[in-house]
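# Coordinate inspection notes
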Amino acid sequence: MSTSTNPLASHLSEQFNRYSIHELISINNDIVENKIWGAQRPIFRNAVLTALAKKGIDLSPIISKEDGFSVIQIVKVKLENNSLIPA
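For the structure given in this document, a descriptive report is provided here. Being a predicted model, the structure only gives us computed values, none of them experimental.

Procedures and definitions
Residues numbered from 1 in each chain as written. Predicted model: local features only at pLDDT ≥ 70, side-chain atom pairs only at ≥ 80, totals over all residues. Heavy atoms only, no water. Helix = DSSP H or I, 4+ residues; strand = E, 2+ residues; numbered from the N terminus. Buried < 20%, exposed > 50% of the residue type's maximum accessible area, 1.4 Å probe, protein only. Lys, Arg positive; Asp, Glu negative; His and termini not counted. Salt bridge = Lys/Arg side-chain N within 4 Å of Asp/Glu carboxyl O. Contact = heavy atoms within 4.5 Å. Pairing = 2+ DSSP bridges. Expected span 1.5 Å × (residues − 1). Phe/Tyr/Trp six-rings, centres within 6.5 Å; stacked < 30°, edge-to-face > 60°.

### Focus on the side chain of R45
Summarising the element assignment, R45 is placed in helix α3 (residues 41-54). Buried R45, no salt bridge; nearest opposite-charge side chain is D30, N-O distance 11 Å. Beyond its immediate stretch of four places on either side in the chain, R45 contacts N28, I31, V32, I62, I72, Q73, I74 and V75.

See the structure below:
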């Protein structure tokens, strides 16, 4: 088993760090709304949410813990008081 990270995930993380918060929210909403992203959809969304978190955006309104696992809602979001909330 390889210990290296997914090359696509690494590339997306680097690229999405350059995007504005509003661009990242738009990408998230597009990923959630459209089914055309295919099997790579979770990788794209994870990279978007990671970039938003690095910019200091509070993701807790769309993340919960259930039975010890983090559950991230697959919803369109908007920014309110520096937090992502379901749109």
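### Quick look at the pattern of salt bridges
Throughout the structure, instances matching the rule amount to one salt bridge. Among the ionic pairs, K76 bridges to E33, the shortest N-O distance being 3.2 Å. With K76 in the loop between β2 (69-72) and β3 (77-80) and E33 in helix α2 (residues 21-33), the pair connects residues that are 43 residues apart, well separated along the chain. Judged by its relative accessible area of 35%, K76 is partly exposed.

### A word on the pairing of strand β1 (residues 63-66)
Bridge count between β1 and β2: four bridges; the pairing is antiparallel. Within β2, the residue paired with S64 across the bridge is V71. Taken together, β1 and the strand that follows it, β2, pair antiparallel across an intervening segment of two residues, in which D67 is found at a positive phi of about 55 degrees.

### Points about α2
The terminal C-alpha atoms of α2, which comprises 13 residues, lie 18 Å apart, in line with the 18 Å expected from a rise of 1.5 Å per residue. Regarding α2, the residues found buried are L24, I25, I27, N28, N29, I31 and V32. Close packing links the buried residues of α2 with α1 (7-16), α3, β3 and β4 (83-86).

### Some remarks on unusual backbone geometry
What is expected of a backbone is that most residues other than glycine have negative phi and most peptide bonds are trans. The backbone of N81 shows a phi angle near 55 degrees, a positive value even though the residue is not glycine. Structurally, N81 is set in the loop between β3 and β4.

### Looking at the pairing of β3
Sheet topology places β3 next to β4; four bridges connect them, and they run antiparallel. For L79, the partnering residue across the bridge sits in β4 and is L84.

### Observations concerning the packing of aromatic side chains
Per the counting criterion, the structure on display carries one aromatic pair. Ring geometry for F16 and Y19: centres 5.2 Å apart, planes at 85 degrees, overall edge-to-face. Looking at Y19, the relative accessible area reads 31%, which means it is partly exposed.

Shape is all these values report; function is a separate question.
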